Amino acid sequence: MSGLAGSAPTRGLLSLAAVAVAFAAADTYVVVLALPDMMTSVGVPIDQLQRAAPIVSGFLLGYVAMLPLIGRIADLRGRVPVLVFSLALFAFGSLITALAYDMPSMVSGRFLQGVGGGGLVPATLALVADLYPPDRRGVPLGVVSAVQEIGSVVGPLFGAVVLAFADWRAIFLINLAVGLVLAAALRALGGSAPRPRARPDLVGALLLLVTLAAGALVFVRPAQLLRDLTWGQLFIPYAGSGRWLTPIGLVAIAAAVLFLVWCFSSKRPLLDLRQWGASLGEADVVGALLLAAALAGVILAFATADPKIQVFSDRGWWFLLGSTIASVLFALHLRRAEAPLVPRGALRRTPAWGALLVSFFIGAALIAALIDIPLFARTTVYPESQLAAALVLVRFLVALPVGAVIGGYLIRRFSPGVITAVGMLLAAVGFVLMAQWGLTTVEEPIANLGLITGGLGFGLALAPVNAALLAFTDDDVHGVASAFVVVSRMVGMLVGISALTTIGLRRYYAEQGDVPSAREVCDGKTRCKGFSDLLRVAGIAQEQTVFYGAAVCAVIAAVLALVLFRAAKATPLSPRDLLTPQGVS
């Protein structure tokens, strides 16, 4: 498909793509420790944490809602151009986030980061399918899945290291630099045959430079320029108080508009927007927007909820109603469009659509580990240390990529359904073991048994699900199909954490209702260690309920994999072939 199979740099190309996926995955979690400082920088009080939700949900919305469109464009334009574009967009979003001066600008930057970071995943998975035949995809898919999960381990640690030496903005400036370097390396390594040397687009480069420079001044507003009697007039709004209604803001807007016009009208522009525009039309941008609206409704319904009292927010019914309407319109559009976003019959085979269903329940179970293992540690032995609680989760996350590579290797001996089922049953066992934890178990070596078992189980299931999907979809839809697997998993995580947390909190309130009053326990005092321990026991009951619920989700995923992946068989081969791209000896 991409024309890269058999070329010398195929392994290097896939390695760069995998590194990019890991880096973008790390950015999903990098704001965990930086969020309080980010809130303060845009004027949100630290005691109003709920107002910071868009910083997280904005990234998530961009990551999920645009994935199918980007995956489809990867099918039409090739994997490498989409990888380069996604990295450039991720870098641009990082720049906006680093320069953000208010909540809208910060959320916009995080949204663009999400779109760019999310676009890397389906393009990379489709690249594996391009470079490797079905009987050789197991280990490469396992490696891609592994590095994606390694990113979730590195993210909080990376953020902690940067914050120890610099401001939170340095995190996103590093993202900017790394994103641009990876984009340049991918373009150089994955480029097609050399073209005749063309004259550089000096006009486009100049307009882009003016746009970026003026835009940066709008964001930063250097104090020396603001105080200057002459230069300071550039920052005085013509009307209201908006920064973009100032002379320098209008210069940035005008330069951006001229740059876009130039890119559409020039014969050899710096950025060929005509070709990308044609790709958007061919990829069915109308269908993509309808699907994005449907996904956004689901995301907002659950992501804006207060899990202490509700599965989804007060406006969740309206979000879900909008999502339902958009889904119906999307289904009608697919039936009538000549070239729909999801080509007709693309997911007709049972293992293909089954992979989406299995992925949903894997996500619903996995999120319980990512959220509730640190919560359990904070509730019990590390109430004052967020870092120490996070390190407990690292034990789980370290085992996960190991399981991913093993799962990819085992595909050559066993069917994807069997490996996925075994993995999710191991994950269920891990959750059951965690559900037995007590007040001090997290500090004891026995806790590692549940953590490692669960992590290995989830890892085993990742590559087989992707392998089943890619084996039962056509080459020209691998990008969009891979995107839907990621979307299913992310939606499963949203629905799972809302439902499981709500169920767990009901158990907590029931346990708390049985706790005697503080004066009864503490001999007339309002607080004592005995009373605090009783409240912690109630908190443990909540987390244990969540772990049991996650175990049920894991078992459902295992059963579905056995039933729906029956047609997917093992593909034996010699060990030396495992990492050899097709066409490469």
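What you see is a predicted model, and the numbers here were worked out from it, not measured in a lab.

S.K.: Before we go on, may I ask you to explain the overall build of the protein in this structure?
M.R.: Helices and strands together make up the secondary structure of the protein, namely 21 helices and 0 strands. Counting the 585 residues in the protein, one finds 52% classified as buried. Long-range contacts, defined as pairs at least 24 residues apart, comprise 79% of the intrachain contacts of the protein with a sequence gap of at least 6. When the accessible area of the protein is evaluated, it comes to approximately 25,900 Å², of which 67% is carbon and sulfur surface.

S.K.: Help me understand the environment of G417 in this model?
M.R.: As for its position among the elements, G417 is in helix α17 (residues 416-434). Taking the C-alpha atoms as reference, G417 lies 9.0 Å from A461; in sequence the two are 44 residues apart. Here G417 is in contact with A561, L562 and F565, once residues within four sequence places are set aside.

S.K.: Help me out: how do you make sense of the nonpolar core in this one?
M.R.: Burial of nonpolar side chains together is a common tendency in soluble globular proteins. Of all hydrophobic cores here, the largest spans 129 residues; its most connected members are I373, F396, M424, F431, F458 and F565. Take this core: its biggest share by element is 16 residues, from helix α15 (residues 350-379). What F431 contacts, discounting residues up to four positions off in sequence, is A365, A368, A369, F458, F547, A550 and A551. Within the second largest apolar cluster, 18 residues are counted, among which are A34, M39, W168 and F172.

S.K.: Is there a simple way to think about helix α14 (residues 316-336) in this case?
M.R.: Within an α-helix, residues lying three or four positions from one another point in the same direction, as the helix has 3.6 residues per turn. End to end, α14 covers 30 Å across 21 residues, agreeing with the expected 30 Å (1.5 Å per residue, within 8%). What α14 keeps buried is the set G316, S323, A326, F330, H333 and L334. Each buried residue of α14 lies within a common arc of 105° when the element is viewed along its axis, so the set occupies one face. Of the exposed residues in α14, those oriented more than 90 degrees away from the buried face are W317, W318, R335 and R336.

S.K.: Is there a simple way to explain the side chain of S94 in this structure?
M.R.: Among the secondary structure elements, S94 is positioned in helix α5 (residues 79-99). Overall, the relative accessible area of 0% leaves S94 in the buried class. From its side chain, S94 meets the backbone oxygen of F90 in a polar contact 2.9 Å long. Every residue in contact with S94, bar those within four places of it in the chain, is listed here: Q113, F172, N175 and L176.

S.K.: Looking at this structure, how should I read unusual backbone geometry?
M.R.: For residues other than glycine, phi is negative in most cases, and the peptide bonds are mostly trans. Located in the positive-phi region is R221, a residue other than glycine, with phi close to 50°. Among the residues examined, R221 registers a relative accessible area of 29% and is labelled partly exposed. For D284, which is not glycine, the phi torsion reads 70° and is therefore positive.

S.K.: Before we go on, may I ask you to explain the side chain of T124 in this structure?
M.R.: Turning to its location among the elements, T124 is positioned in helix α6 (residues 103-131). Here T124 falls in the buried class, since its relative accessible area comes to 0%. Residues within four places of T124 in sequence aside, it is in contact with L14, A17, V21, L83 and V144.

S.K.: I keep staring at the packing of helix α4 (residues 67-77) against α6 and nothing clicks. Help me out?
M.R.: Describing two packed helices takes the angle between their axes plus the distance from one axis to the other. One can describe the packing of α4 onto α6 by two numbers: an axis separation of 9 Å at closest approach and a directional angle of 50°. Compared by their axis directions, α4 and α6 come out oblique. Considering only the axes of α4 and α6, their crossing is right-handed. Mapping the contact onto sequence places L67, I70, G71 and A74 in α4 and V115, G118, G119, P122 and A123 in α6. Residue composition of the contact of α4 with α6, grouped by class: 6 nonpolar, 3 polar and no charged.

S.K.: Where do I start with the packing of aromatic side chains in this structure?
M.R.: Each aromatic ring pair is characterised by the separation of its centres together with the angle its planes make. On inspection of all chains with the given rule, the structure shows 13 aromatic pairs. Between the aromatic rings of F219 and W244, the centroid separation amounts to 5.9 Å while the plane-to-plane angle is 80°, which identifies the pairing as edge-to-face. Taken together, the residues F219 in helix α9 (residues 202-220) and W244 in the loop between α10 (223-227) and α11 (247-265) connect sequence positions 25 residues apart. Residue class for W244 comes out partly exposed when judged on its relative accessible area of 29%. Among the aromatic residues, ring-to-ring pairing joins F376, F396, F431, W437, F458 and F547 into one connected group. When the ring centre of Y101 is taken as origin, the NZ or CZ atom of R243, which lies over that ring, is 3.8 Å away.

S.K.: Hey, could you run me through the pattern of salt bridges in this one?
M.R.: Pairs can form between side chains of opposite charge once their charged atoms are near each other. Within the structure shown, the criterion is met by 5 salt bridges. Put simply, D75 and R72 hold a salt bridge, and the shortest N to O gap is 3.7 Å. Residue D75 and its partner R72 are located together in helix α4, separated by 3 residues, close to a single helical turn. Per residue, the accessibility class of D75 equals that of R72, and both read buried. For D130, the salt bridge is made with R79, and the minimal N-O distance between the two is 2.7 Å. One end of the pair, D130, is in helix α6; the other, R79, is in helix α5, and 51 residues separate them in sequence. By relative accessible area, which is 0% here, R79 ends up buried. Linked by salt bridges that have partners in common, R72, D75, R79 and D130 make up one network.

Calculation notes
Residues numbered from 1 in each chain as written. Predicted model: local features only at pLDDT ≥ 70, side-chain atom pairs only at ≥ 80, totals over all residues. Heavy atoms only, no water. Helix = DSSP H or I, 4+ residues; strand = E, 2+ residues; numbered from the N terminus. Buried < 20%, exposed > 50% of the residue type's maximum accessible area, 1.4 Å probe, protein only. Contact = heavy atoms within 4.5 Å. Areas by Shrake-Rupley, 256 points an atom, 1.4 Å probe, with all protein chains shown as cover. Core = buried A, V, L, I, M, F, W, Y, C linked by side-chain atoms within 4.5 Å. Expected span 1.5 Å × (residues − 1). Arc of directions from axis to C-beta. Polar contact = N/O pair within 3.5 Å; in protein donor to acceptor, adjacent residues only side chain to side chain. Axes fitted to C-alpha atoms, helices over the stretch in contact; angles between N-to-C directions. Parallel < 35°, antiparallel > 145°, perpendicular 65-115°, else oblique. Left-handed = near helix turned anticlockwise from the far one by under 90°. Nonpolar A, V, L, I, M, F, W, Y, C, P; charged D, E, K, R; others polar. Phe/Tyr/Trp six-rings, centres within 6.5 Å; stacked < 30°, edge-to-face > 60°. Lys NZ or Arg CZ within 6 Å of the ring centre and 35° of its normal. Salt bridge = Lys/Arg side-chain N within 4 Å of Asp/Glu carboxyl O.

Spatial relationships are all this shows, so hold off on functional conclusions.
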